[in-house]
Amino acid sequence: MKISEQWLRQWANPSVDSQTLGEQLTMAGLELDGLEMVAPPFTGVVVGEVIECIQHPDADRLRVTKVNIGTDELLQIVCGAPNVRVGLKVAVATIGAVLPSDDDKGFKIKKGKLRGVESQGMLCGASEIGLVDKIDGLIELPDDAPIGVDVRDYLGLDNQIFEIAITPNRGDCLSVLGLAREIAVINRLPLNRNQVTPVAPSTNQTVGVQVLATQACPRYLAQRIDGIDRTKASPKWLEDALVASGVRTHNFLVDVTNFVLLELGQPLHAFDADKIVGDIVVRQANAGESVELLNEQTITLTGDELVIADDEGILALAGIMGGARSAVSDETTSIALESAHFDQLAIAGRARRFGLHTDASQRFERGVDFELPQLALDRATSLIISVAGGQAGAITTVQTVEQLPKRAIIEVPVAKIDELLGVQIAADEMVDILNRLEIKTTLQNDTLICQAPSHRFDINIAQDIVEEVARIYGYAKIEPRLPSFAVDMSYDDGADLVHHLKLSLVNADYHEAVSFSFSDEKIERLFDEATLGEVLALANPISSDLAVMRRTLLSSLLPIVSYNINRQQSRVRLFETGLSFVGANIKELTQTPSLAIVATGNVTSEQSHANRAMDFYDLKRDIEALLPSTLDGRHIRYERANMAFLHPGQSAVLMVDGETLGWFGQLHPSIAKALDLPVVWVAQLQLDGLVALHRRAVSVSAPSKFPQVRRDLAVLVDTAVSWQELEQQIRQSAGKYLQDTWLFDVYQGDRLPAGKHSLAFAMVFQDDLATLEEEQIKKATDQVLADLAAQYHAHLRD
């Protein structure tokens, strides 16, 4: 936003220079983006009056003038401007003057001749002194402009223009009033508000208004003004204020609405009253309606836009831009002046939909003071009548008070402010700051009771109050210091242990993959497994092949395998750590940190006759490499996996101390076929469980100096009984001297009874304190055989 510093200082004028004032606004959250003069630097240009104007003897388009600049002699200046004439007050560049140029070096005026006639300077148009040309020709100064005065001083061209970046939450600062309010608070100055006296109605002409969309427009004011002198131009002070704020001037009526917009922040709109048919109606647009706007753009509405209409159709796109049909012109003598409060949500996004960006929409989208329409209307009416005359009718007001924005009470403990800011500010000073910001505040039992004013749409919660205190108190006064942490800063080795697990797989020639937590629903449907829960679809997926949450990391890894195989990479070994999402629905969803493995192809990458395809035991070896080397085999157990997506004969569940750690095996051939994959070996383990195993404390003791004794048992048992069950029973029955046991042979053939198989186990016994006696070993072995017979009807094989 651009605004004139001179205009700001009329409302609040602190004893600081322009740069300091800009720094104050920046530190208050209103960043100064730029500071520049109204016009670029130039010298030697004064106010002059054309005393004589005759035709050039040798050029039809040139005139020879005599110009009075307040010196003893008149200057003879040759000029080709179409509007040069006797009596015109104009800007005169004297000999030696330096005017602005495109190369920033300046253009120096010298004495010269034009078609043989001497010229002692130059009469200037607006663009030649860095202003915007409003007419074709010379800049025409008012008749009372003092001759000989420096044009920079007369036009206020040394006045600074502030360009301030207003954040979206501070729509209240998109005006002189809003910025001056901040300046006054920062510098503890009174705010010099203009005293606006409402114009008493002098005619019985009124504007008929119907508001059908009361939620979108809870307050609408309209006033008719007749008998306006259409010949009146905008006064110089009004034009200067607009130009200095980066706004082009138009006709007087439009200039007034723009001036009030910049001054107070309330958008206004003037309709040509003679072009309105029937009442003004504020309503929602009908889908398919079209309107030609002031910028000559015709738009077709969708039905959710707010419009101002009459009996013949749409007059304006509410809060954004007026329509061409009811636009004021240089011939307008009667207007209907609109001042309304539109709800933010009713305006937001509509301007951008049609490629529009207007001063009105910028403000309404951010929130405009809902108590401002009356004041702004009175201000505009007063300006119009004081300059162009006319008779004002009574104001028509239609409002639904209960639909206006509410300002809730916000309670903020003083201690909370001290805690968040890290500095102690006296409670009385907080109250003073907030009340100067027009936030009604009292102190009750060390708690601030606050109510935001009607212009502050950004103050809704306690943290907003804390921010207001901080920025006015001054961020520079809050000394930086390290926060005190009330947390346990002890070392967490979780990341190191996960890294260790990854290195184990890298050493086994696996590569890490990183993928999304989303997967293709088609792949998820292939994993038809009840324990994985339901396939959970995303409400707003980033693509069709990433539309559901993955229930297993295989959903992410298998497409990568397929991608590599399709590019002649027959040996693929990948792993990934991440979350899997399992649950019957969103409320029951469980996110489990997991480690998954996929592998296909040969055991090694070497091309040799000894190389072979990977099998179940190769995968088992890689899984066991992830377990701590100190983990005793008696704690590990494998059971047949019963999962629909795994091969029923080549898969297993890994258990440690009775807790399931994960599963591994061959991907079911039907799934591999559906994905056009060869034999693929897969695994998924609980990452937290693996990390916990590596955190276990290891007890270290000296090895026994007494000899070990091995005994082998081969037992016949029903084929329905697994070897894991027998091994577990052996460990329970063998007693305290059993150091280890393992299965070393399985036999099933014609020599054995039907339905039976032979399982051979090795048992190693050892005592740390003495050499075991044969009787002790026999007792333990007999106990094992007795318990196997009792529990599983197993007996020694002959």
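What you see is a predicted model; the values in this text were computed from it and never measured. (Residues numbered from 1 in each chain as written. Predicted model: local features only at pLDDT ≥ 70, side-chain atom pairs only at ≥ 80, totals over all residues. Heavy atoms only, no water.)

## Remarks on the UniProt feature "domain: FDX-ACB" (unreviewed entry) in the chain
Inference 1: Mapped onto the present numbering, the UniProt feature "domain: FDX-ACB" (unreviewed entry) falls at residues 704-797.
Inference 2: With 32% helix and 34% strand, the stretch residues 704-797 has end C-alpha atoms that lie 33 Å from each other. (UniProt positions renumbered as here; feature names shortened; annotations may be inferred. Helix = DSSP H or I, 4+ residues; strand = E, 2+ residues; numbered from the N terminus.)

## Here we look at the nonpolar core
Inference 1: Residues Val260, Ile335 and Ile384 are the most contacted members of the largest nonpolar core, which totals 46 residues.
Inference 2: A total of seven residues in this core trace back to one element, the largest contributor, which is helix H6 (residues 252-264).
Inference 3: Ile335 has contacts with Gln223, Arg224, Ile225, Ile228, Leu253, Ala270, Phe271, Ala273, Val328 and Ile384, leaving out every residue within four places of it along the chain.
Inference 4: Residues Tyr220, Ala222, Ile314 and Ile320 belong to the second largest nonpolar core, which totals 37 residues. (Core = buried A, V, L, I, M, F, W, Y, C linked by side-chain atoms within 4.5 Å. Buried < 20%, exposed > 50% of the residue type's maximum accessible area, 1.4 Å probe, protein only. Contact = heavy atoms within 4.5 Å.)

## Quick look at the sheet that holds strand E39 (residues 795-796)
Inference 1: Taking strand neighbours across the sheet as the criterion, the four strands line up as E37-E38-E36-E39 in an open arrangement whose pairing is antiparallel. Only two strands of the sheet have a single neighbouring strand rather than two, namely strand E37 (738-747) and E39.
Inference 2: Sheet topology note: the strand E36 (residues 709-718)/strand E38 (residues 756-765) ladder contains ten bridges and is antiparallel. Within the sheet, the bridge partner assigned to Val709 lies in E38 and is Phe765.
Inference 3: Contacts between helix H20 (residues 723-733) and the sheet are confined to E36, E37 and E38, with E37 contributing the most and set at about 155° to the helix.
Inference 4: This element, helix H21 (residues 774-792), spans E36, E38 and E39 of the sheet and lies at about 15° to E36. (Pairing = 2+ DSSP bridges. Axes fitted to C-alpha atoms, helices over the stretch in contact; angles between N-to-C directions.)

## Quick word on empty space enclosed by the protein
Inference 1: Taken as a whole and judged by the stated rule, the model has one cavity of 30 Å³ or more.
Inference 2: If you add up the space inside the largest cavity, you get close to 120 Å³.
Inference 3: Around the largest cavity, the lining is made up of 14 residues, and of these Asp172, Leu264, Gly265, Asp369 and Leu372 lie nearest the centre.
Inference 4: Here the lining of the largest cavity takes three residues from helix H4 (residues 176-186), the largest share from any one element. (1 Å grid on protein atoms, 1.4 Å probe; cavity = no way out; pocket = protein on both sides within 12 Å on 5 of 7 lines; lining within 4 Å. Points joined across faces, edges and corners; volume = space filled by probe spheres on them.)

## Describing the packing of H20 against H21
Inference 1: Remark: H20 packs on H21, axes separated minimally by 9 Å, with the N-to-C direction vectors making an angle of 135°. Taken as axis vectors, H20 and H21 run oblique relative to one another. The hand of the H20/H21 crossing is right-handed. Of H21, the residues touching H20 (which contributes Glu725, Leu726, Gln729, Ile730 and Ser733) are Ala780, Gln783, Val784, Asp787, Leu788, Gln791 and Tyr792.
Inference 2: Class assignment for the residues of the contact of H20 with H21 results in six nonpolar, four polar and two charged. (Parallel < 35°, antiparallel > 145°, perpendicular 65-115°, else oblique. Left-handed = near helix turned anticlockwise from the far one by under 90°. Nonpolar A, V, L, I, M, F, W, Y, C, P; charged D, E, K, R; others polar.)

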